[in-house]
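# Structure assessment
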Amino acid sequence: QVQLVESGGGLVQSGGSLRLSCVASGIRFSNYVMDWYRQAPGKQRELVASISTGGANGYNTNYAHFVKGRFTISRDNAQNTVYLQMNSLKSEDTAVYLCNAWRGPGVDDYWGQGTQVTVSS
């Protein structure tokens, strides 16, 4: 049974930081691209950051323009965990943050339940 469990969300003041974690089980974690998405009330789910499976040159990371320079995605394959370090948080970052694991289009696409991040202004 595949499980993705997010943690680390909470209430933080504008300008503050949070570190989200997502622990995966039931999959060969190192074979999966890991993404963080977010969904705010009344809005569509949007991709925040992505990290590749890695290779000889390390990992490729990509960020949405609205978090670039503030958020950092990383992974620890030994711990089956992906992280999202969020700095300089803004009220517009308030959303449920969800972890996603996938191996390719339409192949093995798994989601966590999400963790709430609330940024007060």
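This text follows the structure it describes.
The structure contained in this document is the topic of the report that follows. (Residues numbered from 1 in each chain as written. Predicted model: local features only at pLDDT ≥ 70, side-chain atom pairs only at ≥ 80, totals over all residues. Heavy atoms only, no water.)

### Digging into the pattern of salt bridges
All chains considered together, the criterion is met by four salt bridges. Measuring nitrogen to oxygen at the nearest pair gives 2.8 Å for the salt bridge that ties Arg38 to Glu46. Arg38 gets classed as buried once you look at its relative accessible area, which sits at 6%. Note on Glu46: relative accessible area 31%, which makes it partly exposed. Between Arg70 and Asp93 there is a salt bridge, with the nearest N and O atoms lying 2.7 Å from each other. (Salt bridge = Lys/Arg side-chain N within 4 Å of Asp/Glu carboxyl O. Buried < 20%, exposed > 50% of the residue type's maximum accessible area, 1.4 Å probe, protein only.)

### Structural notes on the packing of aromatic side chains
Per the stated rule, a full pass over the model turns up two aromatic pairs. Between the aromatic rings of Tyr32 and Tyr110, the centroid separation amounts to 6.2 Å while the plane-to-plane angle is 45°, which identifies the pairing as tilted. Of this pair, Tyr32 sits in the loop between β3 (18-25) and β4 (33-39) while Tyr110 sits in strand β10 (residues 110-111), and the two are 78 residues apart along the sequence. On the basis of relative accessibility, which here comes to 6%, the residue Tyr32 falls in the buried class. According to the relative accessible area criterion, Tyr110 is partly exposed, its value standing at 26%. Here the basic side chain of Arg19 rests over the ring of Tyr83, its NZ or CZ set 3.9 Å away from the ring centre. For the cation-ring pair, Arg75 lies above Phe29, with the distance from its terminal atom to the ring centre recorded as 4.5 Å. (Phe/Tyr/Trp six-rings, centres within 6.5 Å; stacked < 30°, edge-to-face > 60°. Helix = DSSP H or I, 4+ residues; strand = E, 2+ residues; numbered from the N terminus. Lys NZ or Arg CZ within 6 Å of the ring centre and 35° of its normal.)

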